Amino acid sequence: MATAVTPVSEVCDLLVIGSGAGGLSAAVTAAHLGLEVVVVEKEAQFGGTTAWSGGWMWVPRNPLAAEAGIKEDLNAPLTYLRHELGAQFDEARARTYLEHAPRMVDFFRRRTALQFIDGNAIPDFHGNTPGATLGGRSVCAAPFDARALGRRVHDLKPPLHETTLWGMGIAAGAELKHFLNALHRPASLAHVCKWVARYWIDLAIHRRGMRLVNGNALVGALAHSALEQGVDIRVQHPALQLLRDGNRVTGAVVASPQGRLQIQARCGVVLATGGFPHDATRKQQLLPHAGATGLEHWSAAGWGNTGDGLRLGESAGGTVATDLPQAAALAPVSLVPRADGSVAHFPHLIERGKPGLIAVNRQGRRFTNEANSYHDFTQDLLKTTPAAESPTAWLLCDHAFIRCYGLGAVKPAPLPLRRWLANGYLQRGNTLAELAQACSIDPAGLQATVARYNAQAATGQDADFAKGETPYNRMQGDAARAQAAGLPNPCMAPLQSGPFYAIKVVVGSLGTFAGLKVNPHAQVLNPQGQPIAGLYAVGNDMTSMMGGNYPSGGITLGPAMTFAYLAAHHAAGVDAGASPLRN
Ligand SMILES: Cc1cc2nc3c(=O)[nH]c(=O)nc-3n(C[C@H](O)[C@H](O)[C@H](O)COP(=O)(O)OP(=O)(O)OC[C@H]3O[C@@H](n4cnc5c(N)ncnc54)[C@H](O)[C@@H]3O)c2cc1C
């Protein structure tokens, strides 16, 4: 007869479930406030989607901007949010965010290994909205030397392979520009050779790149800071169930390679499992385009994010928001076949605004301003797709474009195209008609669209979708190349000589917006709006403070880290407004 095994019991102050930006920021802050912290991570490596991300955070009035002389009143970003969020604007929550986000950056910068680079030239997505800025509201994790992690470096999730060069991360901004210019500018080539040489040496010595950039640097620096403060980070430890004493959450049952254990947490439990991008049931409920199976939403988020935090929160009386205008941070995604038979989900974040690319539907027609944000692009795809069809589009360009910028997972020259043509990821046609046939696009529609687009590119006026008219569009473009070609619009160039190329994109996301309802301390709320003692939700387990809107880049990581910082203060019984961490 089977006998029930009593799980081993352990005690800590704060139990954090999930090891992305939300979880690790809560852990580092709590440890600095003197709490004994355990982080449990379900996957074999820590970092979650954060480790694959760009590492950008939207933090208006951040210290790096202030030091560069960009000073603005809290009312400017507040106005922007009020107009962008509309009916979902929650002033108390927005003010809490705008007050504490710069303090969060200041804390990590002064007291931890996490350093930042500025985004002082990065505009908000919607330049025509009142309160929008031309720059100064973003920061990104600075490159981090992974050698600081010692042997734990092998527990750090590497970047998403398809977004790298042979596994080597490339930082956004100046670094990416050097890679794109390597064949034309000796100075860029020198930089690229230096980074690539260092990467190969790292591979030989450490079996992975040690110069971390983007989201990988963010996780590396946070994990190092956590470990330094004595935080116990355990991989392969999925949380299964919350422990409760009456209405208070007191810990969780966790699986481990050695068996189940109960981890009691004196000050509370933080849910930070990254939302529901791979939870078919909830996707079917909250994302109409995901279809009856919930599977027609190809998120680029980490595979471990299967909605566990939301279910755990609900089991303790929490509620998930179901009334957002959009329940996910949408992005066009292409499906990349891998040699091992698996399929990677590649989010198209960078190349859509470059001059010489258009996006078309099955009829061969453009349906959006390609240089708009990934979220807006995908919303337009959804809006313009007839109900009976599944939303699909093609990103299309000519030979000169693909060799200059690449397309999706396909890298620019001198890397060969052969593999991508052979596995069907990339379609090619010597003429537009041939390409249309390969993609099952209407050939006449496509030819008419390209003829019209080419004429518009020559004048620089996109009479159909106003491409290139906002500062964000122009930043996504390539002013230098457009200028060299005598073209007035940095986002528009004619698609001239074949062969032509296309990649199919479908609807996916960078993560989800709908999560557990919380108060400004990130405490999970019950249906009556009362906080559930001992239970916090951060990152994408918390309903986005943007209310299902996407006003700017970095609006998931900035709030993830800030509300984690606030949750840790609350759990430690410390007033964040008078935090000792600010001294
Ligand atoms: C390519 C790409 C680029 C992006 N760039 C940016 C950007 O620059 N700026 C920005 O703001 N956003 C960006 N995003 C979105 C951003 O990365 C995510 O919104 C963010 O990382 C979510 O953080 P998180 O802490 O909520 O979850 P995650 O970082 O996904 O971490 C959640 C972790 O919880 C673990 N977990 C799940 N269930 C359990 C369980 N039961 N027990 C224990 N652990 C569990 C998961 O395995 C995972 O490791 C990008 C996304 C992608 C895909």
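None of these values were measured; they are calculated from a predicted model.

**Remarks on the overall build of the chain**
Secondary structure summary: the chain contains 17 helices and 19 strands in total. For the chain, whose C-alpha radius of gyration is 24 Å, the value lies close to the compact-globule estimate of 25 Å for 583 residues. Once the C-alpha set of the chain is aligned to its principal axes, its extents read approximately 70 × 60 × 50 Å. Expressed as a percentage of the 583 residues in the chain, the buried residues total 59%. Across the chain, every contact between residues at least 6 apart in sequence was considered, and the portion connecting residues at least 24 apart equals 73%. Summing over all exposed atoms, the chain offers an accessible surface of approximately 22300 Å²; the carbon and sulfur share of this is 53%.

**Notes on the packing of aromatic side chains**
Counting across every chain of the model gives 15 aromatic pairs. Ring centres of Phe401 and Tyr405 lie 4.9 Å apart, and the angle between their planes is 55°; this geometry places the pair in the tilted category. On the criterion of helical spacing, the pair formed by Phe401 and Tyr405 is a turn pair, its members being 4 residues apart in helix H11 (residues 399–405). The burial state of Phe401 is the same as that of Tyr405; both residues are buried. Both rings, one in Trp420 and one in Tyr425, keep their centres 5.4 Å apart while their planes meet at 55°; by these two values the pair is tilted. Taking relative accessible area as the criterion, Trp420 reaches 6% and is therefore assigned buried. Looking at Tyr425, the relative accessible area reads 5%, which means it is buried. Here the aromatic cluster, defined as three or more aromatic residues joined through ring pairs, consists of Phe125, Tyr374, Tyr472, Phe513 and Tyr550. It is Arg352 that lies over the ring of Phe377; its NZ or CZ is 5.2 Å from the centre.

**So, the site of the ligand**
Lining the immediate environment of the ligand, one finds 38 residues, of which Glu41, Thr50, Asn305, Thr556 and Leu557 sit closest. Residue Thr50 places a side-chain N or O atom 2.5 Å away from an oxygen atom belonging to the ligand. When the free accessible area of the ligand is taken as 1000 Å², the share hidden by the protein chains comes to 97%. Taken together, the residues that form the shell around the ligand break down as 14 nonpolar, 20 polar and 4 charged.

**Here we look at the pattern of salt bridges**
As enumerated under the stated definition, the model contains 27 salt bridges in all. Across the pair Arg266 and Asp13 runs a salt bridge, and its minimum N-O distance is 2.6 Å. With Arg266 in strand S11 (residues 259–271) and Asp13 in strand S1 (residues 8–17), this residue pair connects regions lying 253 residues apart in the sequence. By relative accessible area, Asp13 is classed as buried at 12%. Note that Arg109 is salt-bridged to Glu67, the shortest N-O span being 2.8 Å. Of this pair, Arg109 sits in helix H4 (residues 91–111) while Glu67 is found in helix H2 (residues 63–67), placing the two residues 42 residues apart along the sequence. Exposure remark for Arg109: the relative accessible area of 23% places this residue in the partly exposed category. Each of Lys42, Asp279, Asp308 and Arg311 takes part in salt bridges that share partners, so that together they form one network.

**Focus on the pairing of strand S2 (residues 37–40)**
Of the two faces of S2, the one lined by Val37 and Val39 and the one lined by Val38 and Val40 are each fully buried. Summarising the sheet, S1 and S2 pair through 4 bridges and their orientation is parallel. Looking at S2, one finds that Ile17 is bridged to Val40. With respect to chirality, the unit in which S1 leads through helix H1 (residues 21–32) into the neighbouring parallel S2 is right-handed. Here 3 bridges tie S2 to strand S8 (residues 232–234), and the two strands are oriented parallel to one another. Paired with Val39 across the bridge in S8 is Ile233.

**A word on the packing of helix H3 (residues 75–85) against H4**
One way to put it is that H3 packs onto H4 with a least axis distance of 10 Å and a crossing angle of 140°. Accordingly, the angle class assigned to the pair H3 and H4 is oblique. Crossing hand, H3 versus H4: right-handed. Facing H3, whose interface residues are Asn75, Pro77, Leu78, Leu81 and Arg82, H4 presents Glu91, Ala94, Arg95 and Leu98. Class assignment of the residues belonging to the contact of H3 with H4 gives a composition of 5 nonpolar, 1 polar and 3 charged.

**Concerning the side chain of Asn361**
Within the fold, Asn361 resides in the loop between strand S14 (357–360) and helix H10 (374–384). Apart from the residues lying within four places of it in its own chain, the contact partners of Asn361 are Phe367, Thr392, Trp394 and Ile441.

**Brief notes about H4**
In an α-helix, one full turn covers 3.6 residues, which means residues spaced three or four apart are oriented alike. In this model, H4 (21 residues) spans 30 Å end to end at C-alpha, consistent with the 30 Å of a helix rising 1.5 Å per residue. At His100, H4 shows its maximal bend, which comes to roughly 30°, and the proline Pro102 appears one to four places after that position. Within the span of H4, buried status applies to Arg93, Ala94, Thr96, Tyr97, Leu98, His100, Ala101, Pro102, Met104, Val105, Phe107 and Phe108. The backbone nitrogen of Ala92 has a side-chain oxygen 3.2 Å away, supplied by the residue at the start of H4, namely Asp90.

**Digging into the nonpolar core**
Residues Leu15, Ile17, Val37 and Leu242 are the most contacted members of the largest nonpolar core, which totals 144 residues. Here Val37 is in contact with Leu14, Val16, Ala27, Ala30, Ala31, Gly230, Val231 and Asp232, once residues within four sequence places are set aside. With 17 residues, the next largest nonpolar core counts Trp394, Leu432, Ala457 and Leu495 among its residues.

**Some words on helix H17 (residues 557–572)**
For H17, spanning 16 residues, the distance from its first C-alpha to its last is 22 Å, which sits close to the expected 22 Å at 1.5 Å a residue. Phi for Gly573, located one or two positions after H17, is positive at around 75°.

**Details of the sheet that holds strand S5 (residues 138–141)**
Here 3 strands make up an open sheet; going across it, the order is S3-S5-S4 and the pairing antiparallel. Bordering the open sheet on either side are strand S3 (56–58) and strand S4 (116–118), each of which pairs with just one other strand. Neighbour-to-neighbour, the strand axes of this sheet turn through a mean angle of 30°, independent of strand direction. In terms of strand pairing, S3 meets S5 through 3 bridges, oriented antiparallel. Directly across from Trp56, in S5, lies its bridge partner Cys140.

Cut-offs used in this document
- Residues numbered from 1 in each chain as written.
- Predicted model: local features only at pLDDT ≥ 70, side-chain atom pairs only at ≥ 80, totals over all residues.
- Heavy atoms only, no water.
- Helix = DSSP H or I, 4+ residues; strand = E, 2+ residues; numbered from the N terminus.
- Rg over C-alpha atoms; globule rule 2.2 N^0.38 Å.
- Buried < 20%, exposed > 50% of the residue type's maximum accessible area, 1.4 Å probe, protein only.
- Contact = heavy atoms within 4.5 Å.
- Areas by Shrake-Rupley, 256 points an atom, 1.4 Å probe, with all protein chains shown as cover.
- Phe/Tyr/Trp six-rings, centres within 6.5 Å; stacked < 30°, edge-to-face > 60°.
- Lys NZ or Arg CZ within 6 Å of the ring centre and 35° of its normal.
- Near = heavy atom within 4 Å.
- Polar contact = N/O pair within 3.5 Å; in protein donor to acceptor, adjacent residues only side chain to side chain.
- Nonpolar A, V, L, I, M, F, W, Y, C, P; charged D, E, K, R; others polar.
- Salt bridge = Lys/Arg side-chain N within 4 Å of Asp/Glu carboxyl O.
- Pairing = 2+ DSSP bridges.
- Right-handed = clockwise from strand over helix to strand, strands pointing away.
- Axes fitted to C-alpha atoms, helices over the stretch in contact; angles between N-to-C directions.
- Parallel < 35°, antiparallel > 145°, perpendicular 65-115°, else oblique.
- Left-handed = near helix turned anticlockwise from the far one by under 90°.
- Expected span 1.5 Å × (residues − 1).
- Bend = angle between axes of the 7 residues up to and from the residue.
- Core = buried A, V, L, I, M, F, W, Y, C linked by side-chain atoms within 4.5 Å.

Keep in mind these values describe shape, not function.
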